[in-house]
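Structural description and commentary
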Amino acid sequence: MTALRQREIALVDLLDRLIGSGVVVTGSLTLSIADVDLVRVDLRALISSVNERVPSPWEE
């Protein structure tokens, strides 16, 4: 465990690794009053880089 705590990773390297392999972000938010749901928001997002193996969905 101590070896992992002493290891420093630059934020740019971490973002490059996450975006290169892809990240899925999910979440939900519900606003309610007196146990009555008023607003519900669900989020599902895929964050990934675009390259030759994963082409862009917006072809020119």
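See the structure above.
Residues numbered from 1 in each chain as written. Predicted model: local features only at pLDDT ≥ 70, side-chain atom pairs only at ≥ 80, totals over all residues. Heavy atoms only, no water.

Digging into the overall build of the chain
Tallying secondary structure elements over the chain gives 2 helices and 2 strands in all. Tracing the chain from N to C terminus, the helices and strands come up as α-α-β-β. Counting over 60 residues, the chain shows a buried share of 0%. Sequence separation of 24 or more characterises 21% of the internal contacts of the chain that already satisfy a separation of 6 or more. If you sum the accessible surface of the chain, you get close to 6,200 Å²; carbon and sulfur atoms cover 57% of it. (Helix = DSSP H or I, 4+ residues; strand = E, 2+ residues; numbered from the N terminus. Buried < 20%, exposed > 50% of the residue type's maximum accessible area, 1.4 Å probe, protein only. Contact = heavy atoms within 4.5 Å. Areas by Shrake-Rupley, 256 points an atom, 1.4 Å probe, with all protein chains shown as cover.)

Structural notes on the pattern of salt bridges
Within the structure shown, the criterion is met by 1 salt bridge. A salt bridge links Asp 42 to Arg 40, with the nearest nitrogen and oxygen atoms 3.5 Å apart. Judged by relative accessible area, which is 46%, Asp 42 ranks as partly exposed. (Salt bridge = Lys/Arg side-chain N within 4 Å of Asp/Glu carboxyl O.)

Considerations on unusual backbone geometry
For Ala 34, which is not glycine, the phi torsion reads 55 degrees and is therefore positive. Topologically, Ala 34 is positioned in the loop between strand E1 (23-33) and strand E2 (36-47). In this structure, Asp 35 takes a positive phi of about 60 degrees despite not being glycine. If you trace the backbone, Asp 35 turns up in the loop between E1 and E2.

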